[in-house]
Amino acid sequence: MKRVTLIDYGLSNLLSVQRAFEHFGAKVEIARSPAAVLGAQALVLPGVGAFRDGMAGLEQLGLTVPIRQKAAAGTPLLGICLGMQMLFDESEEFGRWQGLGLIPGRVVKLPERNAAGGLQRVPQVGWNGLLPPQGKTDFADSLLRAVRPGGEVYFVHSYEAKPARPQDRLAEVLYGGRRVCAAARSGSVTGCQFHPEKSGEVGLSIIRQFLEDGEG
Amino acid sequence: MAKAEKIRLIARLEVKNDQLVKGVQLEGLRKLGDPHDFARAYYEAGIDEILYLDIVASLYERNNLSQIVRRTTGDVFIPITVGGGLRSVEDVHKILQQGADKAAINTAAIKDPSIITRVAEAYGSQCMVLSIQAKRRRDGSGWEAYYDNGREHSGLDAVEWAKRGVALGAGEILLTSVDSEGLGRGMDRELIRAVAGAVNVPVIAAGGAAGPEDVALAAEDGACAVALSSLLHYKRMGVGQLKAALAARGVGVRR
C-alpha cells in the first residue's frame, strides 16, 4: 500500500505516528474531512485524551459515518490508544459515551485495586509485555504476528477496553495481576491500546505489518 | 504501592544551544556533541526513554529544543520527555506538537504551582513530570528544592514539594540530587527513599549513578526509573551491558 491516512480530529500529536510510518517509506496523508477519509487506502486513528472529546472531535468534522463506511468496506483501520478505545461501542469515561461501534464491547476505568486487593497505579504508564489471549500461544494471522510473546510495548492509559467476544481479543498484558486487553481486532479493524510508534522495534514491526498487509 | 517489576533506564541529555553538555553538580559544562546522535545511539542500544533538558532555557526564558525533538522523532521510537524553560501550557503544547510525550517542569512550577494542574488537565497527569532538584540542607534536616539548575533555592522542602506536586496533578517525579549529580559516586539513597515513600507516582532517580550497582539500589529504594548521563555519555558502560548486568543481579529490565 505505502499510502496511509492519519485521521486528525485535533486531539493528538500526529507527528510521532507519521514518522513511524515514514520510517518504512509510506506516504502519509492527514485527513480532516469526510472526503479525505473516504479516499483512504488505509486509515489510522491515533489519539490521546478523553473519550468524549475524541468522539466530539470526530463528530464535528463529520468523520464517524465515513470511518464506519470504510471499515464496513474492509479498508484496513488501525486505532491507537484513545483511537483503539473509540473503536468500541461505548465508554464510561466521564459518563457514558457512544463510540464508533466497530468492535463490540465497552471501555471501563482500570481498577484502582490490583488482584491482591492492594492499591495500584492508574494510569498504567510504561512498558509491558504482550501476551497471547488465553487458549493461544502466539499472535498468528494478525498485525502482531512478528511480535514474540512477552515482547514489550509502551502504554499510557487509565481506561481499558473489554471486547464482548473472546475471539476479538488479540493480545493482553498483566497489570496488577489481571489480564488487560492490549489489542483487539474485528475484520479489517485492529486497535492497539499501546503506542506502537513509541515501542521501539516491537512497535515498528506492527507498523510495518500494517503497511504490508494493506498492499496485498 | 508495589515496587516496579522492571526498572526503566532513561538517557538524560542536557542540552545547551545545539550541544549535548555535561557538568558536575549542574555546573562546569563540557560539550560532548550532537544530542540527537547520542539519543539515536542509545535508542539503538535499547534505552527505554529519552530525557532532553534545555539547561540554559530558564535563563533565556525559552526552550530551544523543538528542532532537536523534531529530528529525534524521525528515528527514535520510544517516549521522549522534554524539560527546561517550559513556562506555560502553551510551551508544553508546542513541545508535544514536536513529538515529545511528556513535559518536565521545575522553575515554572515553583514560581506558580497551578501550572502543574493546568498541564495535567490539558494533557493528562502522565504528561506532567515534576522536576525537583534537591540539595541536602547543611543542618541535616532533609532536602530543599532548588531551581535554575541548582542555583536558586526555593525554601520548599523537597519531599513536601513532591507530595504537593502529586496532589496538584504531577504524574511522575524527576528527582535530581544536586549533591550527587555528575560525580559518579553513587546516588542519594535516603533522598530516593524519602520521596518514593511519600508519593504514589513513579519516581525517576537522577544524579550519581556510576553503574548497575547504583541502579539496582535505586530500584530497591523505590525508584521506578533511573536517569543516566555521565555513565552513558562518557561511554563508561553501554546500555546493553548495563541491562545485562542488571538482569544478572535479578533486577527486571526491558530486553
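As annotated in an unreviewed UniProt entry, chain B carries the name Imidazole glycerol phosphate synthase subunit HisF and comes from Anaerofilum hominis. The heading Function (unreviewed entry) in the UniProt record of chain B holds the text "IGPS catalyzes the conversion of PRFAR and glutamine to IGP, AICAR and glutamate. The HisF subunit catalyzes the cyclization activity that produces IGP and AICAR from PRFAR using the ammonia provided by the HisH subunit." Listed in UniProt under the heading Sequence similarities (unreviewed entry), the comment for chain B reads: "Belongs to the HisA/HisF family."

Chain A has the name Imidazole glycerol phosphate synthase subunit HisH in an unreviewed UniProt entry, where Anaerofilum hominis is given as its organism. Under the UniProt heading Subcellular location (unreviewed entry), the entry covering chain A gives this text: "Cytoplasm". Quoted verbatim from the Pathway (unreviewed entry) field of UniProt, the annotation for chain A is "Amino-acid biosynthesis; L-histidine biosynthesis; L-histidine from 5-phospho-alpha-D-ribose 1-diphosphate: step 5/9."

(A) Examining the overall build of chain A more closely. Each helix and strand in chain A was counted, giving six helices and 13 strands. Taken over the C-alpha trace, chain A has a radius of gyration of 16 Å; the compact-globule value for 216 residues is 17 Å, and the two agree within 12%. Relative to its full complement of 216 residues, chain A shows a buried share of 58%. Relative to all contacts within chain A whose residues are 6 or more apart in sequence, the contacts with residues 24 or more apart total 69%.

(B) Main features of the pairing of strand β13 (residues 189–192) of chain A. Residues and elements named next belong to chain A. With burial as the criterion, each face of β13 is covered, one bearing V189 and G191 and the other bearing T190 and C192. Pairing geometry for strand β12 (residues 178–186) and β13, over four bridges, is antiparallel. Pairing of S186 across the sheet is with V189, part of β13. The turn linking β12 back onto β13 is made up of two residues, and G187 within it adopts a positive phi angle of 60°.

(C) Region of the structure containing the sheet that holds strand β3 (residues 43–45) of chain A. Residues and elements named next belong to chain A. Across the sheet, which stays open at both edges, the seven strands sit in the order β2-β1-β3-β4-β13-β12-β11 with mixed pairing between neighbours. This sheet does not close on itself; its edge strands, each paired only once, are β2 (27–31) and β11 (169–175). Recorded for the sheet is a direction-independent mean angle of 25° between the axes of neighbouring strands. This element, helix α1 (residues 14–22), spans β1 (3–7), β2, β3 and β4 (77–80) of the sheet and lies at about 170° to β1.

(D) Fine view of the pattern of salt bridges. Residues and elements named next belong to chain B. For the coordinates displayed, the defined rule picks out 35 salt bridges over all chains. Across the pair D37 and R40 runs a salt bridge, and its minimum N-O distance is 3.7 Å. Here the residue D37 and the residue R40 both occupy positions in helix α1 (residues 35–45), the gap between them amounting to three residues, near one helical turn. Between D48 and R254 there is a salt bridge; the shortest N-O distance is 2.7 Å.

Rules and cut-offs
- Residues numbered from 1 in each chain as written.
- Chains lettered and ligands numbered in written order.
- Predicted model: local features only at pLDDT ≥ 70, side-chain atom pairs only at ≥ 80, totals over all residues.
- Heavy atoms only, no water.
- UniProt positions renumbered as here; feature names shortened; annotations may be inferred.
- Helix = DSSP H or I, 4+ residues; strand = E, 2+ residues; numbered from the N terminus.
- Rg over C-alpha atoms; globule rule 2.2 N^0.38 Å.
- Buried < 20%, exposed > 50% of the residue type's maximum accessible area, 1.4 Å probe, protein only.
- Contact = heavy atoms within 4.5 Å.
- Pairing = 2+ DSSP bridges.
- Axes fitted to C-alpha atoms, helices over the stretch in contact; angles between N-to-C directions.
- Salt bridge = Lys/Arg side-chain N within 4 Å of Asp/Glu carboxyl O.

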